[in-house]
Amino acid sequence: MNHSTEIILTISGIVLVHGLIFYFFLSKSRLIKGKHVVVTGGSSGIGLWAAVECVRLGAHVTVVARNVPLLEKALQELEKWRVRDTQKLHFRSLDLSRDYEAVSKTLDELERDVGPIYMLVNCAGMAICGTVEDTSVTDAHRLMDVNYFGTYYPTRHVLPKMKAAGDGIIVITASQAALMGVYGYGAYAASKFALRGLAETIAMEARHRGVSVTLALPADTDTPGFENENRSKPEETKIISGSGGLAKPQDVGRKIVQDALKGSFFSISGLESWVLSILCVGMAPWKGPLLCFAQCYLLGPLRLLGLGLQWNFQRIIKNCAKRREQA
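Residues numbered from 1 in each chain as written. Predicted model: local features only at pLDDT ≥ 70, side-chain atom pairs only at ≥ 80, totals over all residues. Heavy atoms only, no water.

> Any details on the overall build of the protein chain? Residues and values, ideally.
Helix and strand counts for the protein chain come out as 11 helices and seven strands. Over its C-alpha atoms the protein chain spans a radius of gyration of 21 Å, differing by no more than 12% from the 20 Å that the globule rule assigns to 327 residues. Projected onto its principal axes, the C-alpha coordinates of the protein chain cover approximately 65 × 65 × 35 Å. Going through the 327 residues of the protein chain one by one, you find that 46% of them count as buried. Pairs at least 24 residues apart make up 76% of the contacts formed inside the protein chain by residues separated by at least 6 positions. Across the protein chain, the 37 positively charged side chains and the 30 negatively charged ones have centroids separated by 4 Å. (Helix = DSSP H or I, 4+ residues; strand = E, 2+ residues; numbered from the N terminus. Rg over C-alpha atoms; globule rule 2.2 N^0.38 Å. Buried < 20%, exposed > 50% of the residue type's maximum accessible area, 1.4 Å probe, protein only. Contact = heavy atoms within 4.5 Å. Lys, Arg positive; Asp, Glu negative; His and termini not counted. Charge placed at Lys NZ, Arg CZ, Asp CG, Glu CD.)

Written out as structure tokens, the structure reads:
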């Protein structure tokens, strides 16, 4: 081994050790005990279990959705996880996608009753599947209204207040469809791609003001929304998206909150989501030396894997088309 090689290995070792020290000892989670957390889409599914995790960590929690009976049931679930008698647990029935002024007014009232919103967890959303030409214009508008504007409106309200306070956390829940287009997810993917653009922009605009943004990219999760989504899925979509199995909403909700408190930009669950986040990292914000090293090292090999997956998807699509022609 020559002298220059020894120097390179020594420097690499020092960088790795310092990276590990930073990752394990210096990157501490923020605390939400006694702080106000608002979870949209919190009446069921991922949103409900994200709210449960916040209650478990001692936060004052408000869940926001439209369906009052589901909200009442969700509040009963949150009460089971209360850790302090002084915790404030509330719900509000609100259509987040219709009117910004109504959203802003409701959130202002909540802040007067409970306190400033320290953490906003956007989980409200829906899915309607179908090829681009089979998806009605009305449904395409509805997806953008619910998925994008239903996140944009509450985020737009809390962002300047968090900047002024010099602290705050915003979670934007998208999906794996925010990373790649998939057969049958055209209008849905468009709304989720929009959320990724929103998250990356806010991360750039607000980081220097103490506000962190987490973009959650859950895989298929066993929720009531997923059951509805399956009813409109083309055969190709079911085959392509069905290989990853179903995640539990309890696990996904907990992971999203934990990642947000650590300041992670991406919140991912499972190997499939991790691989996609590396492949599609693009201009995502810097989040530590170890992750950056993994992205640089793995991007090339994973691109080959991605090409193989795309070839397999095209094979599935052609086979389904052939079966329909023969039927």
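> An account of the nonpolar core is needed here, citing residue identities and associated values.
Core analysis: the biggest nonpolar cluster contains 43 residues, and Ile172, Leu215, Leu217 and Phe266 have the highest contact counts within it. Elements represented by at least two residues in this core include exactly helix H4 (100-114), strand E4 (117-122), helix H5 (137-165), strand E5 (168-173), helix H6 (186-206), strand E6 (211-216) and helix H11 (289-326). Counting residues per element, this core draws most heavily on H6, which supplies six residues. What Leu217 contacts, discounting residues up to four positions off in sequence, is Ala174, Ser175, Gln176, Ala178, Leu179, Phe266, Ser267, Ile268 and Ser273. Counting 31 residues, the second-largest nonpolar core is a separate cluster that includes Ile32, Cys54, Val171 and Val252. (Core = buried A, V, L, I, M, F, W, Y, C linked by side-chain atoms within 4.5 Å.)

> Help me get a handle on the sheet that holds strand E2 (residues 60-65), residues and values and all.
Taken in spatial order, the seven strands of this open sheet run E3-E2-E1-E4-E5-E6-E7, and their pairing is parallel. Of all the strands in the sheet, just strand E3 (89-93) and strand E7 (266-267) have a single pairing partner and so form its edges. Looking at chain direction, strand E1 (residues 36-40) and E2 are connected through five bridges and run parallel. Bridging from a neighbouring strand, Thr40 pairs with Val64 of E2. Across the sheet, H4 lies against E1, E2, E3 and E4, angled at about 165 degrees from E3, the strand it touches most. (Pairing = 2+ DSSP bridges. Axes fitted to C-alpha atoms, helices over the stretch in contact; angles between N-to-C directions.)

> Any details on the confidence of the model for the protein chain? Residues and values, ideally.
Per-residue confidence for the protein chain averages 89 on the pLDDT scale, and 91% of its residues sit at or above 70. Considering only residues more than four positions removed or in separate chains, one finds that residues 17-27, a stretch of pLDDT under 50, has seven contacts. (pLDDT = per-residue confidence, 0-100.)

> Give me the lowdown on helix H9 (residues 249-262), citing residues and values where you can.
Between its first and last C-alpha atoms H9 spans 20 Å; for 14 residues at 1.5 Å apiece the expected length is 20 Å, and the two agree. Taken as a whole, H9 has its buried residues at Pro249, Val252, Gly253, Ile256, Val257, Asp259, Ala260 and Leu261. If you follow the buried residues of H9, they end up packed against helix H2 (45-56), E4, E5, E6 and E7. Immediately beyond the C-terminal end of H9, within one or two residues, lies Gly263, with a positive phi of roughly 85 degrees. (Expected span 1.5 Å × (residues − 1).)

> Help me get a handle on the packing of aromatic side chains, residues and values and all.
The full count for this structure, using the stated rule, is 10 aromatic pairs. Taking the centre distance of 5.8 Å and the plane angle of 15 degrees together, the rings of Tyr148 and Tyr152 count as stacked. Of the two residues, Tyr148 and Tyr152 are both situated in helix H5; the distance of four residues between them amounts to about one turn of the helix. Ring-pair connections join several aromatic residues into one group, and the members of that group are Tyr100, Tyr148, Phe149, Tyr152 and Tyr153. (Phe/Tyr/Trp six-rings, centres within 6.5 Å; stacked < 30°, edge-to-face > 60°.)

> Provide a residue-level description of H11, including the pertinent values.
Three- or four-residue spacings in an α-helix give side chains the same orientation, since the helix completes a turn every 3.6 residues. Here H11 is 38 residues long and its end C-alpha atoms lie 54 Å apart, about the 56 Å a rise of 1.5 Å per residue gives. Where H11 bends most, at Leu299, the angle is about 50 degrees, and the proline Pro301 comes one to four residues later. Of the residues making up H11, those classed as buried are Ala294, Gln295, Leu302, Gly306, Phe313, Ile316, Ile317 and Cys320. Where H11 is buried, its residues meet helix H8 (235-241) and helix H10 (271-279). (Bend = angle between axes of the 7 residues up to and from the residue.)

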